[in-house]
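Chain by chain, the residues:
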Amino acid sequence: MPEEASSLRSVIGQGVRRVRESSGDIRQEDVAMAARRHGLAWSRSRVGQLERGLKALPVDEVALLPSIMTEACGRPVSLHDLIAADARIALSPLIEVEGKTITSAFGGTAPRYPLTMQTAPATDRQVGERDGPFVVTGVPDPYVKIGPHWMTGWNVDVALQDAGEAEANIARKLGVPLVHVAVAAHTLWGRSLSRERDRLVSTTPDVSPSRRAAVRGRVTRQLTAKITEEIGSWAEGAERPADVEPAPASTSADAGPSDLDGVGVEAGSAASGQDPDEHPHADEEGMPG
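Residues numbered from 1 in each chain as written. Predicted model: local features only at pLDDT ≥ 70, side-chain atom pairs only at ≥ 80, totals over all residues. Heavy atoms only, no water.

### Description of the overall build of the protein chain
So, step 1. Along its length, the protein chain carries 11 helices and 7 strands.
So, step 2. The buried share of the protein chain, reckoned over its 289 residues, is 43%.
So, step 3. Contacts spanning at least 24 positions in sequence make up 68% of the contacts within the protein chain whose residues lie at least 6 apart. (Helix = DSSP H or I, 4+ residues; strand = E, 2+ residues; numbered from the N terminus. Buried < 20%, exposed > 50% of the residue type's maximum accessible area, 1.4 Å probe, protein only. Contact = heavy atoms within 4.5 Å.)

### Remarks on the pattern of salt bridges
So, step 1. Applying the stated rule across the entire model yields 13 salt bridges.
So, step 2. For Arg36, the salt bridge is made with Glu29, and the minimal N-O distance between the two is 2.7 Å. Judged on exposure class, the residue Arg36 and its partner Glu29 are both buried.
So, step 3. Salt-bridge contacts for Glu61 lead to Arg46; the nearest nitrogen and oxygen are separated by 3.6 Å. Residue Glu61 is found in helix 4 (residues 59–73), and its partner Arg46 is found in helix 3 (residues 44–51); the two are separated by 15 residues along the sequence. Across the pair, Arg46 and Glu61 agree in class, each one buried.
So, step 4. Salt bridges sharing common partners tie together Arg17, Arg20, Glu21 and Glu51. (Salt bridge = Lys/Arg side-chain N within 4 Å of Asp/Glu carboxyl O.)

### A few points about the packing of aromatic side chains
So, step 1. Under the criterion given, the structure shown has 0 aromatic pairs.
So, step 2. For the cation-ring pair, Arg46 lies above Trp42, with the distance from its terminal atom to the ring centre recorded as 5.2 Å. (Phe/Tyr/Trp six-rings, centres within 6.5 Å; stacked < 30°, edge-to-face > 60°. Lys NZ or Arg CZ within 6 Å of the ring centre and 35° of its normal.)

### Thoughts on the nonpolar core
As a rule of thumb, nonpolar side chains are buried together in soluble globular proteins.
So, step 1. Val156, Leu193 and Ile227 are the most contacted members of the largest nonpolar core, which has 30 residues in total.
So, step 2. Looking at this core, the elements with two or more residues in it are strand 6 (143–146), helix 7 (153–162), helix 8 (165–174), helix 9 (178–189), helix 10 (193–202) and helix 11 (209–235).
So, step 3. Looking at this core, the element that brings in the most residues is helix 9, giving 8 residues.
So, step 4. Grouped together as the second largest cluster of nonpolar side chains are 29 residues, Val16, Val31, Leu50 and Leu64 included. (Core = buried A, V, L, I, M, F, W, Y, C linked by side-chain atoms within 4.5 Å.)

### Digging into the side chain of Ser45
So, step 1. Secondary-structure assignment places Ser45 in helix 3.
So, step 2. Ser45 gets classed as buried once you look at its relative accessible area, which sits at 13%.

### Details of helix 9
So, step 1. Counted at 1.5 Å a residue, the expected span for helix 9 with its 12 residues is 16 Å, and the 17 Å between its end C-alpha atoms agrees.
So, step 2. In terms of burial, helix 9 is a largely internal element, 9 of the 12 residues being buried. (Expected span 1.5 Å × (residues − 1).)

### Things to note about helix 4
So, step 1. Helix length check: helix 4, at 15 residues, gives a terminal C-alpha distance of 22 Å against a target of 21 Å (1.5 Å per residue), a fit within 8%.
So, step 2. Remark: the principal bend of helix 4, roughly 35 degrees, maps to Leu65, with a proline, Pro66, within the next four residues.
So, step 3. Counting buried positions along helix 4 yields 11 of 15 residues, so the element is predominantly enclosed.
So, step 4. When helix 4 is considered as a whole, its buried residues turn out to be Glu61, Val62, Leu64, Leu65, Pro66, Ser67, Ile68, Met69, Thr70, Ala72 and Cys73.
So, step 5. Tucked inside the fold, the buried residues of helix 4 contact helix 1 (8–22), helix 2 (28–37), helix 3, helix 5 (79–82) and helix 6 (99–106). (Bend = angle between axes of the 7 residues up to and from the residue.)

### As for the confidence of the model for the protein chain
So, step 1. A residue-level look at the protein chain finds 66% of positions with pLDDT of 70 or above and a mean pLDDT of 74.
So, step 2. Within the protein chain, the lowest mean pLDDT, 50, falls on strand 3 (residues 119–120), and the highest, 94, falls on helix 1.
So, step 3. Segment residues 111–119: pLDDT under 50, and 23 contacts once partners within four positions in sequence are set aside and those in other chains are kept.
So, step 4. Scored below 50 in pLDDT, residues 238–273 makes 77 contacts in the model with residues more than four places away or belonging to other chains. (pLDDT = per-residue confidence, 0-100.)

### With respect to the side chain of Asp162
So, step 1. Counting through the fold element by element, Asp162 comes out in helix 7.
So, step 2. A relative accessible area of 19% means that Asp162 is categorised as buried.
So, step 3. Looking at Asp162, its side chain comes within polar contact range of the main-chain nitrogen of Ser192, at 2.9 Å.
So, step 4. Ignoring sequence-local partners within four residues, the contact set of Asp162 consists of His186, Arg191, Ser192 and Arg195. (Polar contact = N/O pair within 3.5 Å; in protein donor to acceptor, adjacent residues only side chain to side chain.)

### Details of the packing of helix 7 against helix 9
So, step 1. It is at 9 Å that the axes of helix 7 and helix 9 come closest, and there the two elements cross at 100 degrees. Between helix 7 and helix 9, the angle falls in the class roughly perpendicular. When helix 7 is examined against helix 9, the residues Val156, Val158, Ala159, Leu160 and Asp162 are found in contact with a partner set consisting of Leu178, Val179, Ala182, Val183 and His186.
So, step 2. Considered class by class, the residues forming the contact of helix 7 with helix 9 number 8 nonpolar, 1 polar and 1 charged. (Axes fitted to C-alpha atoms, helices over the stretch in contact; angles between N-to-C directions. Parallel < 35°, antiparallel > 145°, perpendicular 65-115°, else oblique. Nonpolar A, V, L, I, M, F, W, Y, C, P; charged D, E, K, R; others polar.)

### Remarks on the environment of Met33
So, step 1. Of note, Met33 is situated in helix 2.
So, step 2. C-alpha separation for the pair Met33 and Ala163, spaced 130 residues apart in sequence, amounts to 8.4 Å.

So, in C-alpha cells, the structure goes:
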C-alpha cells in the first residue's frame, strides 16, 4: 500500500528533528535560542511541538526556518534538507504533492536573514571616499530604533543573544516582539531579565534551598512588572534620551534586592503564579513523535 500523505507541518517537523539529530549534539533548546535571535519567541517546548507536527508554522516562520537551523546546527540548511523530496504531502483533501514540489515552489535555498528594523545610517560617509589627504576605510554600524531607543545593530544583537526563555514567555504574554523585551531589560539593568533575577536571588540573605524557588518566582514577577512598565512607556510616547550603548552591567557586589525600588524580596515569602521560564508541561527533548 502506498504511504499515507502527511501534513506539511508534520513533514517539516520530521525534517527539523532529522537535521538536528544528524548535526551532532544539537538540543531543542539550541534551536529555540537561534529562533529567539531571529526575533521569534520560541521555547524548547515550542520546538518539541514543531518536531511532532503539533503546531502549524506561519509562512514567515517557514521562510525563517532554514536560517534558524543553519545557525543552530552550524552548517548550511535549506528547505531541501527540511522537506524530504519523496515525502507525500496533503495540501488539501483533494491535492497531494511530493516534497520536491514544495521546495521548488519556495525556492529551496539556505538564506541568512539579517536583523531588519527601522534603521538610520550612523554616518553619510562611504568606504573609499576621500577626506582631504585621507581615505575612509570604515564607517560605524547603522542604528536601529527599538521603541524610543536608537541603538547600534550590534548592541541589539547582544541584547537578543542574552535573552532566554523567561524573556520569550514575557514577549508572548505581552504580545510584543522578543527584541522589545530584550532591549527593555538591557535599558533597565544592562543585562537580561534572567541574569538580573539570578543576581538578585543570589544576593538575598538567608534563603534556604526550600525557599529559593519562592523567592525566584517573586523576583521574576517584580522584574516582569518593570519590563511591562518600561515597554508601556514607549507606547505612551515617553521621551527617552538617545541610547546607543547598553546600560553598564553591575556586578554581584552591587545593590541587591533593594534594586527593586523598595519592593523587598523576603526569603520567607510565598510565591504565587508561575515563573515565566518554568514549563510544567514542557516537552522533553527526544520524546517520540
